[in-house]
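Architecture and fold: a report
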Amino acid sequence: MEIRNIAIIAHVDHGKTTLTDAIMRQTGMFDAGMSMDTDALEQERGITIYAKNTATIYKGTKINIVDTPGHADFGSEVERVLRSIDSVLLVVDAQEGPMPQTRFVLKKSLELGLKPIVVINKIDKPAADPVKTEEQVLELFMDLGATDEQMDFPVVYAVGRDGVAMKSLGDEGKDIAPLLDEIISSVPAAGGNQNSPLRAQPFSLAYDNFLGRLAIARIYEGTIRVGQDVFVLTAEGKKRSGKITKLFGFKGLVRAETEEAAAGDIVMIAGLPDIFIGETICSDERTEPLPAIKVDEPTITLDFLVNDSPFAGRDGKFLTSRQIRERLEKELEVNVGLKVDFSRPESFKVYGRGELHIVVLLENMRRQGYEVQVSRPQAITKEENGLKMEPFEEVVVDTPSEFQGVVIEKLGKRKIVMKDMESKESSVRMVFEGPTRGLLGYRSEFTVDTKGEGIMTSRFVGFKPHAGEIERRATGSMTSMASGKALAFSLNNLQNRGTLYIGPGTEVYEGMVIGDASKGDEMAVNPVKGKNLTNMRASGSDENIQLAPPRLLTIESGLELMSEDEYLEITPNVVRLRKRILKEGERIKNKRRS
Ligand SMILES: Nc1nc2c(ncn2[C@@H]2O[C@H](COP(=O)(O)OP(=O)(O)OP(=O)(O)O)[C@@H](O)[C@H]2O)c(=O)[nH]1
Ligand SMILES: [Mg+2]
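A brief structural summary.

So, the coordination of the magnesium ion (ligand 2)
Each donor-metal-donor angle in an ideal tetrahedron of four donors is 109.5 degrees, and each such angle in an ideal octahedron of six donors is either 90 or 180 degrees. Note on the magnesium ion (ligand 2): its protein donors are Thr17 (OG1) and Thr48 (OG1). The metal-donor distances range over 2.0 Å. A residue pair is termed long-range when its members are at least 10 positions apart, and Thr17 in helix H1 (residues 16-26) and Thr48 in the loop between helix H2 (40-45) and strand E2 (52-58) qualify at 31 residues. In this structure Thr17 comes out as buried when scored by relative accessible area, which is 9%.

Structure below.
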């Protein structure tokens, strides 16, 4: 059977998964309601986190599809996938037009010599302008130095949500067939000599409790079989041997066990417990290894510690250092961008590709019953030729024009400078560049400053010379000096002095941070203090107290808000911020000492 290998790429939310789902449904692989976004966290957040493989059969041709995540934190995963397929569907929202991640994934595709199929999607949106979007896409191709052949890309128009695609804008949309036909006719058939010795290369990893680590690999030459003895070659010229114990193809959402697979196909391989991205699996040890696949370096780091707050163990199942260690080791089996330093006994240093990358790991851990506390994320620095280097990001901001000033000012203070600006009617798009360090902790402030109307995306662009000191906004914490249940009476007095993270009835402990102090000073407060009796008679009951809704902490906002001398305590049900040193007296002494 002929094979086509494609990836679906786009900016976040432009409709990749919806389109993939429609293809799978209409080719009989999915029942109604099934989606590629199978992960609980993906469903909750409405975004794709993990690139996923699937396949379908259309008019007698097998189409292997990789649905990729659009969020920039997962961009390196997309890059790896692109190495292993033959064409991409570049999906562009007809209302938003090309966005930063559109540019990034297109650039990578063009560099790899791929010839994309452009899908102008969501043409049903009220302000959709498919013609203009197509022009912008063409400009983007030119900008990125596309070859003449790449510039001559086929275009398909779609309403992915309704499962319809059209070759021309005037056509009646009936089903997704026009897109599938385009894939069959313009994506080159996956080639490779099936009779040559085997050469395959993993581009993604998976894990199975019984089978251990699994490699998702593209077969470039030859045939792979269950029971086959193979060699694994690394780019550095190292060699190991192994045996294939199981093979799976993809079919809708299930993995379909198979005995053998041949050049051109994408399969999941079991039996190679220490296999890694980019290695070459081959049958003849004299084989030339395939060009390595680069795995991007981490950009931020933070410590994972055993939760030692007074409330530790209240709702988690897994608390110990050993349990956390084992969980992290398991994560490393599949999470390619992640690194962990286990060398210190009291805490594990975790390195990741961005805030969301870390948030997803923590969110998954708490759902699985873990408790952990973490330190404030920091950008990684390194030395290069005697120069101190740090990660830089490109930041793209779309905001109503009235907020332009405050955004430029705040980012400027964080050493993030504007490179480009483009005004539209009442909004403006600005492009900035600056250190990741400056961006950490800014997102929630941005949301407030732009009254929730601003959109900010950022993408790692590389390590650059250290940008110098950044003065952090002086936020103080309101820290509880007592333990007990917070009372509306005392919260009422405190809410004028900052933003509270807790509401009445919340149990607090000494050293727990219950809010931020707007004046910027550290405040020790007593949220459990009730009023005395004479007062109560005089001023009526608690019911009269009007409290503003608290700003409940999430893992994301907690990581942003926390200070250097704090930990974020994460349990299955609660996220709390706390001082590293719980007792106020000791904190003050410690501060004096340092
Ligand atoms: N109006 C309209 N909305 C659509 C269409 N296709 C998808 N959507 C909506 O757009 C949102 C994002 O769709 P997804 O398919 O999850 O987008 P995605 O590109 O996979 O997103 P990420 O994987 O997170 O980058 C969802 O709310 C969809 O219902 C469409 O054709 N028209
Ligand atoms: Mg998606």
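What to know about the site of ligand 1
Around ligand 1, the structure places 18 residues, and the nearest of them are Lys16, Thr17, Thr18, Thr48 and Asp124. A distance of 2.8 Å separates an oxygen atom of ligand 1 from a polar side-chain atom of Lys16. The contact in question runs from an oxygen atom of ligand 1 to an N or O atom on the backbone of Gly160, over 3.0 Å. Compared with its free state, where it exposes 650 Å², ligand 1 has 82% of that area covered by protein. Of the residues forming the shell around ligand 1, the biggest block, three residues, is contributed by H1. Tallied by class, the residues present in the shell around ligand 1 amount to three nonpolar, nine polar and six charged.

Regarding the pattern of salt bridges
Working definition: two side chains of opposite charge can pair if their charged atoms are close together. A complete count under the given rule lists 56 salt bridges for this structure. Note that Glu510 and Lys583 form a salt bridge whose closest N and O atoms lie 3.4 Å from each other. Taken as a pair, Glu510 in the loop between strand E31 (507-508) and strand E32 (512-517) and Lys583 in the loop between strand E35 (575-579) and helix H16 (584-593) lie far apart in primary sequence, 73 residues in all. One salt-bridge network, held together by shared partners, links Glu79, Lys108, Lys294, Asp296 and Arg353.

Observations regarding unusual backbone geometry
Within the chain, Asp13 stands out as a residue other than glycine whose phi angle is a positive 75°. Mapping Asp13 onto the fold places it in the loop between strand E1 (3-10) and H1. A relative accessible area of 51% means that Asp13 is categorised as exposed.

Describing the sheet that holds strand E9 (residues 212-221)
The eight strands are arranged E12-E11-E17-E8-E9-E16-E13-E14 in an open sheet whose pairing can be described as antiparallel. In this open sheet, the two edge strands, each paired with only one partner strand, are strand E12 (239-243) and strand E14 (254-258). In this sheet, neighbouring strand axes are inclined to one another by 40° on average, regardless of whether the strands run parallel or antiparallel. When E9 meets strand E16 (residues 266-270), the two strands line up antiparallel, connected through five bridges. When the sheet's bridge partners are listed, Leu214 is paired in E16 with Ala270. Together, strand E8 (199-208) and E9 form the strand contacts of helix H8 (residues 321-334), whose direction differs from that of E8 by roughly 150°.

Examining empty space enclosed by the protein
By the definition in use, this model includes two cavities of 30 Å³ or more. Considered as a void within the structure, the largest cavity measures approximately 60 Å³ in volume. Contributing to the lining of the largest cavity are Glu355, Arg376, Pro377, Leu440, Gly441, Arg472, Leu559 and Glu560. Of the residues contributing to the lining of the largest cavity, the split by class is three nonpolar, one polar and four charged. Of the pockets and cavities examined, the second largest cavity occupies roughly 30 Å³. Lining of the second largest cavity is provided by Phe304, Leu305, Val306, Ser321, Ile324, Pro345, Glu346, Ser347 and Phe348. Where the lining of the second largest cavity is concerned, the elements lending two or more residues are strand E18 (300-305), H8 and strand E20 (347-352). Split into classes, the residues belonging to the lining of the second largest cavity amount to six nonpolar, two polar and one charged.

Regarding the side chain of Gln373
In this structure, Gln373 sits in strand E21 (residues 372-374). Exposure remark for Gln373: the relative accessible area of 1% places this residue in the buried category. Within the local environment of Gln373, its side chain forms a polar contact with the side chain of Asp308, the two groups lying 2.9 Å apart.

Observations regarding the pairing of E32
The buried count for E32 comes to six of six residues, which makes it a mostly enclosed element. When strand E28 (residues 476-480) meets E32, the two strands line up antiparallel, connected through four bridges. Its bridge partner lying in E32, Ser477 is registered against Asp516. Pairing analysis gives three bridges linking strand E30 (residues 498-500) to E32, with the strands arranged antiparallel. For Leu500, the partnering residue across the bridge sits in E32 and is Gly515.

Remarks on helix H9 (residues 355-367)
In this model H9 runs 18 Å from its N-terminal to its C-terminal C-alpha over 13 residues, within 8% of the 18 Å that 1.5 Å per residue would give. Taking burial as the measure, the 13 residues of H9 include twelve buried ones, the bulk of the element. Regarding H9, the residues found buried are Glu355, Leu356, His357, Ile358, Val359, Val360, Leu361, Leu362, Glu363, Asn364, Met365 and Arg366. Trailing H9 by a residue or two, Gly369 shows a phi angle of about 100°, which is positive.

Points about the packing of helix H3 (residues 75-82) against helix H4 (residues 100-111)
Viewed as axis vectors pointing N to C, H3 and H4 meet at an angle of 30°, and their least axial separation amounts to 10 Å. Comparing the axis directions of H3 and H4 gives the class roughly parallel. For the pair H3 and H4, the crossing hand works out as right-handed. In this structure, H3 contributes Gly75, Val78, Glu79 and Leu82 to the contact, and H4 contributes Gln101, Phe104, Val105, Lys108 and Ser109. Here the contact of H3 with H4 is composed, by residue class, of four nonpolar, three polar and two charged.

What counts and what doesn't
Residues numbered from 1 in each chain as written. Chains lettered and ligands numbered in written order. Predicted model: local features only at pLDDT ≥ 70, side-chain atom pairs only at ≥ 80, totals over all residues. Heavy atoms only, no water. Donors = N, O, S within 2.8 Å, 3.2 Å for Na, K, Ca; no water. Helix = DSSP H or I, 4+ residues; strand = E, 2+ residues; numbered from the N terminus. Buried < 20%, exposed > 50% of the residue type's maximum accessible area, 1.4 Å probe, protein only. Near = heavy atom within 4 Å. Polar contact = N/O pair within 3.5 Å; in protein donor to acceptor, adjacent residues only side chain to side chain. Areas by Shrake-Rupley, 256 points an atom, 1.4 Å probe, with all protein chains shown as cover. Nonpolar A, V, L, I, M, F, W, Y, C, P; charged D, E, K, R; others polar. Salt bridge = Lys/Arg side-chain N within 4 Å of Asp/Glu carboxyl O. Pairing = 2+ DSSP bridges. Axes fitted to C-alpha atoms, helices over the stretch in contact; angles between N-to-C directions. Contact = heavy atoms within 4.5 Å. 1 Å grid on protein atoms, 1.4 Å probe; cavity = no way out; pocket = protein on both sides within 12 Å on 5 of 7 lines; lining within 4 Å. Points joined across faces, edges and corners; volume = space filled by probe spheres on them. Expected span 1.5 Å × (residues − 1). Parallel < 35°, antiparallel > 145°, perpendicular 65-115°, else oblique. Left-handed = near helix turned anticlockwise from the far one by under 90°.

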